[in-house]
Amino acid sequence: MTRVRQFGEALLLTLIVASVALAGGFQLNEHGANAMSQGGAFAARASDGSAIYFNPAGLGFQTNGSIYIGATGIVPTISFYGPLQDNTNAETNMNSQFFTPINGYITYPVTDRIHVGVGVYNAYGLGTEWPDNWSGKNLITKVDLKTYWFTPTVAYRLMDNLSIGAGVSYVSGTLLLKKAAPFDTRVTLDMTARGWGFDGGIDYKATPELTVGLSYRSKVKVDASGSAGFVPAIPVLPVGGVTATITLPATGYAGVAYKFCDALSLEADYQYIGWSSYDNLTFTFTKDGSSTSAPKNYSDTYILRVGGEYLLGSLKLRGGYYYDHTPVSDPYVDPLLPDANRHGLSAGIGLNLTDHLSVDAGYLFIKFLDRTVTNTIPATSFDGTYKSYANLFSLDLGYSL
Amino acid sequence: MKLTKYGIVALAIALLYGGCKITAPSGPVAGLGGATIGKYVAVGNSLTAGYQSNGLFASAQAYSYPNLIAGQLSLAGGNVGSFQQPLYSDPGTPDAVTGKASRYELISWVGPVIGPRGLTPGAPINTTLPRPYDNLGIPGAVIFDFLDSTNVGIKALPPRSNPLFALVLRNQAALGNSIFQQAVALKPDLVTFWLGNNDVLGFATSGGVSPSAPTSTPIFTALYTQAIGTLRAALPNAKIVVANIPDVRAIPFFNTLGPKIAAELPAGVALQYQKHGNSGVADGSTNFTEANPPLITLTGASYAPLLGHPGGKWYRDHGYPALPPGIDTTKPFGLHPQNPWPDALVLDAAEQATAGASVQAFNTVIAGVAAANKAVVVDINGFFNRLKASGYSTSGIVFTADYISGGTFSFDGVHPSDQGSGVVANQFIAAMNSSFGWSIPFVDVSALPALMVPLSKGAKVYPVIPEGSFGELEMLWGTR
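Residues numbered from 1 in each chain as written. Chains lettered and ligands numbered in written order. Predicted model: local features only at pLDDT ≥ 70, side-chain atom pairs only at ≥ 80, totals over all residues. Heavy atoms only, no water.

> Hey, could you run me through the overall build of chain B in this one?
A count of helices and strands for chain B gives 17 helices and 13 strands. Across chain B, the fraction of contacts at a sequence separation of at least 24, relative to all contacts at a separation of at least 6, is 74%. Total accessible area computed for chain B in this model is approximately 18000 Å², and 59% of it derives from carbon and sulfur atoms. (Helix = DSSP H or I, 4+ residues; strand = E, 2+ residues; numbered from the N terminus. Contact = heavy atoms within 4.5 Å. Areas by Shrake-Rupley, 256 points an atom, 1.4 Å probe, with all protein chains shown as cover.)

Following this line, the structure appears as structure tokens:
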């Protein structure tokens, strides 16, 4: 009875947080303060509720039910210098923004070997907003993509040292896009999207010290539909319905964790992202069947992650680093998503407040390598230098049953 | 206590990273390479004046390519002061026949109908300037006019019938009799010179009828050589930039109606038209499938909807006292040899060859004369040909040579739009930057107004331009 009430309250809390949340960055890998503090290298250990994201098999080794809930605050800073098409080095700063992707996981051991759970998180999202009258206004002034993933998960511990897990995700999202359009109009696309995906993982404790984890999350084709509005309204423009199909790429983790002593564990992960599924962004207008298509031609890419945790008395000290290789080649870089190779450096702490209640706090600094592009595709024709960084703050509360 | 210590360390790390500041990368630095440019003068015709949509009006003159160049020069450290133009208040100059403003506007979405609104014309508003204008572009000027010191009042009378010389070349006695004299009186450090278009455009836009030939190449050669030679002699140290002449076939005036007519012709039925110099029974027919089909001028917009219907609107509109021999207006217009599409509304293959040969010859002359006089050439011809072939993109805007929807040209299909002017200005700036070692920032064309009327590409309608609307254009390169 008590447990049921606790679950109900947690679910309520999750929904409240979710309703005020925003997502940022096209792929988001911050799905728990514990993992974020350790450079996101967590697929082998997967030792809290965020296993639902990182590796569902990790639940199989968790002995207690838990609630793990929190959010990440993202403060990106992006400056553009150019465009070189105008023979200028003029600086344009992206408008200040603050994104708060959320995470909430509830897990419960049904039997000794079967552990179930459900998670809600924002696996993909994007937010850029430029000044209304900047020189790139015909490319983008604002884009806001949010995706909410609802993932029921089950894990089964096959052997004492081997667990498997799988989940199904219902993805619901919104896309808002604003830019200048032909004939001095401004267009706003306001769309909602939904789709389905699945995930699975294996976690294997080769020795008491060494754990190997593998997980895979399928690509998700989301069908988006909504409305296109033009200001001023000109009769011949395709005002009205608009549809698009966006494929959120598949991603997979391979992680190795090693426990050097009771106080120290380290992990290294290789993350794969199948960005080649994002080959173009096409919007089709219902009014006249016309469509507008922007080639993206992203490439499959990877992220290398290392991180660890050190127990200092009751305090868990965490740190990590990752290198994120951009999926975007120079010709396709545009201000919609001015991507670049990134270094991420993280630190954080964890503390048990009571026997049941714990708190994790993390900080991540992401440095985008300066990116100068001089050969953007004709449809973009917007060359210059992007300089970006981001500060991320993460806080999660854990409740162990 | 311990916790506080770690907290402080964590905070310090956070501040360290959070305190990272972005510094500007190295990039283009605006400048004129040490040159001093204190005065810029533009010489030209309607393209230079900022004439647009069949009229000259202040809100378009503000985006004339010389005015845009002057603004960019200032950004690069040029000290050209305020660039003065012969502004004419909106809605602009009057049509010689109706007396109403000749400017085209969108009159109705249905059609759409584009044409003059019948508004009371504007008036000159910058008339007290005690010196010549910096923009000496005169709509209708030909190469001959550069050194010609004829009284501007005479040019307002037939055969030129062009009142705009008087607008631009004011007070000839005090300020100079010719374009050349007024330009030199300003002691410019930089002169852009874009004349010669009308020496072939008049022939082409009138379907090869009026005048019946472009300026002859020997005459053009003599006039151009004399013009630039005289200018160079008077301004030995000035930077002189000349633009060549675009091929008339690259502009939407010639490329809009033909494809629409081709799409409307019933299967197996050809357009019957008059070739060069013919006013009688059709001697040409086309399904627009041949390699070099005839080009239908935009002036035919009010006649294209009449195709296939018996009638003699063309002859009534043009005051024919009697139908020419062989013509029978009870036959379907344009589809029967005895009621053909008129010579004046079509540039046939031979006429295209004539115009093309003149453009090529003139541009060869321009290149040679420029080289001999240390003048830089802006290859506008090459640019417009590329625009027609594959479009031109910048900052997410795609320009093409399509009528209206292409964004480059104004409603008259000949003169650039505001954004098109920016694109042209950038061609001048690019040539100056590369030849003089300057680094003038280009015009941000995304910041200029776009044409307000899109034409759906697939629309099965003709742009409706009322008959007589092109009177102003005809004046611009009328008989000489």
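> Got a minute to help me understand empty space enclosed by the protein in this structure?
Gaps left between atoms are located by rolling a probe of water-molecule size over the structure's atoms. All names here are of chain A. For the structure shown, the criterion picks out 7 cavities of 30 Å³ or more. Lining of the second largest cavity is provided by 16 residues; of these, Phe26, Leu126, Tyr278, Leu281 and Leu336 occupy positions nearest its centre. Within the residue set of the lining of the second largest cavity, elements represented by two or more residues are β6 (142-159), β7 (162-181) and β14 (280-285). A breakdown of the residues in the lining of the second largest cavity according to their chemical character gives 14 nonpolar, no polar and 2 charged. (1 Å grid on protein atoms, 1.4 Å probe; cavity = no way out; pocket = protein on both sides within 12 Å on 5 of 7 lines; lining within 4 Å. Points joined across faces, edges and corners; volume = space filled by probe spheres on them. Nonpolar A, V, L, I, M, F, W, Y, C, P; charged D, E, K, R; others polar.)

> Can you walk me through helix α12 (residues 257-264) of chain B in this structure?
Since the α-helix advances by 3.6 residues per turn, residues separated by three or four positions end up pointing in the same direction. Residues and elements named next belong to chain B. Among the residues of α12, Leu257, Gly258, Lys260 and Ile261 are the ones counted as buried. One face of α12 carries all of its buried residues, which in axial projection span an arc of 165 degrees. In this structure, the buried side of α12 is in contact with α11 (252-255), β7 (271-273) and β9 (295-296). (Buried < 20%, exposed > 50% of the residue type's maximum accessible area, 1.4 Å probe, protein only. Arc of directions from axis to C-beta.)

> Would you mind going over the layout of surface pockets with me for this structure?
All names here are of chain A. As a volume, the second largest pocket reaches approximately 1100 Å³. Asn34, Ser47, Asp48, Gln62 and Lys316 are, among the 46 residues lining the second largest pocket, the residues nearest its centre. Tallying contributions element by element places strand β19 (residues 357-368) first for the lining of the second largest pocket, with 4 residues. Among the residues forming the lining of the second largest pocket, the class breakdown is 16 nonpolar, 18 polar and 12 charged.

> What is the right way to read the packing of aromatic side chains from this model?
Centre distance and the angle of the planes are the two values used to describe a pair of aromatic rings. Residue and element names in this part refer to chain B. Counted under the stated rule, the structure contains 43 aromatic pairs over all chains. Measuring from centroid to centroid gives 5.8 Å for Phe146 and Phe180, while their planes differ by 70 degrees, and the two rings are edge-to-face. With Phe146 in the loop between β4 (135-137) and α5 (152-155) and Phe180 in helix α8 (residues 179-185), this pair connects stretches of sequence that are 34 residues apart. For Phe180, a relative accessible area of 14% translates into the label buried. Aromatic side chains Phe146 and Phe193 sit 5.0 Å apart centroid to centroid with 85 degrees between the ring planes, which places their arrangement in the edge-to-face category. You can see Phe146 sitting in the loop between β4 and α5 and its partner Phe193 sitting in strand β5 (residues 190-194), a full 47 residues away along the chain. Neither Phe146 nor Phe193 differs from the other in exposure class; each is buried. (Phe/Tyr/Trp six-rings, centres within 6.5 Å; stacked < 30°, edge-to-face > 60°.)

> I keep staring at the pairing of strand β9 (residues 210-217) of chain A and nothing clicks. Help me out?
Put simply, side chains in a regular strand alternate between the two faces of the sheet. Residues and elements named next belong to chain A. A one-sided burial pattern is seen for β9, the buried positions being Thr211, Gly213, Ser215 and Arg217 and the unburied ones Leu210, Val212, Leu214 and Tyr216. Bridge analysis of strand β8 (residues 185-205) against β9 gives 7 bridges, and the strand direction is antiparallel. Looking at the pairing, Ile202 lines up with Leu214 of β9. Counted along the chain from β8 to the antiparallel partner β9, the turn is 4 residues long. The pairing of β9 with strand β12 (residues 251-261) spans 8 bridges and is classified as antiparallel. Following the sheet pairing, Arg217 is matched in β12 by Thr251. (Pairing = 2+ DSSP bridges.)

> Got a minute to help me understand the domain arrangement of chain B in this structure?
How big an interface is tends to be reported as the loss of accessible area on association of its parts. Residue and element names in this part refer to chain B. In terms of domains, chain B is made up of domain 1 (40-254 + 349-476) and domain 2 (255-347). The C-alpha centroid of domain 2 is placed 30 Å from the C-alpha centroid of domain 1. Tallying the contact residues gives 33 residues for domain 1 and 29 residues for domain 2. Put simply, domain 1 and domain 2 have 0 salt bridges between them. Joining domain 1 to domain 2, the criterion identifies 9 residue pairs in polar contact (both at pLDDT 80 or more). (Domains from an automatic or database assignment. Salt bridge = Lys/Arg side-chain N within 4 Å of Asp/Glu carboxyl O. Polar contact = N/O pair within 3.5 Å; in protein donor to acceptor, adjacent residues only side chain to side chain.)

> What's the story with a nonpolar patch on the surface in this structure? I'm lost.
All names here are of chain A. Together, Tyr156, Leu158, Met159, Ile164, Ile202, Tyr204, Val212, Leu214 and Val256 make up a nonpolar patch on the protein surface, roughly 720 Å² of accessible area in all. Breaking the nonpolar patch down by element, the ones donating at least two residues are β6, β8 and β9. The greatest single-element share of the nonpolar patch, amounting to 3 residues, is contributed by β6. Residue placement: Ile202 occurs in strand β8. (Patch = residues over 30% accessible without salt bridge, like charges linked within 9 Å, V, L, I, M, F, W, Y side chains within 5 Å.)

> Any chance you could explain the sheet that holds strand β1 (residues 40-44) of chain B here in plain terms?
Strand pairing in a sheet takes place through backbone hydrogen bonds and is either antiparallel or parallel in direction. Residue and element names in this part refer to chain B. Strand order in the open sheet made by the 5 strands is β4-β1-β5-β6-β11, with parallel pairing throughout. This sheet does not close on itself; its edge strands, each paired only once, are β4 and β11 (375-378). When the angles between neighbouring strand axes are averaged without regard to direction, this sheet yields 15 degrees. Direction of pairing for β1 relative to β4: parallel, over a ladder of 3 bridges. (Axes fitted to C-alpha atoms, helices over the stretch in contact; angles between N-to-C directions.)

> What exactly am I supposed to notice about the interface of chain B and chain A here?
On the chain A side, the residues contacting the 37 residues of chain B number 38 residues. The interface formed by chain B and chain A contains 0 salt bridges. One can count 12 residue pairs in polar contact (both at pLDDT 80 or more) joining chain B with chain A. Of all the secondary-structure elements, those providing two or more residues to the side of chain B that touches chain A are α1 (2-18) and β12 (392-394) of chain B. When residues in the side of chain B that touches chain A are grouped by element, the largest group, 5 residues, is from α1 of chain B. Residue composition of the side of chain B that touches chain A, by class: 24 nonpolar, 12 polar and 1 charged.

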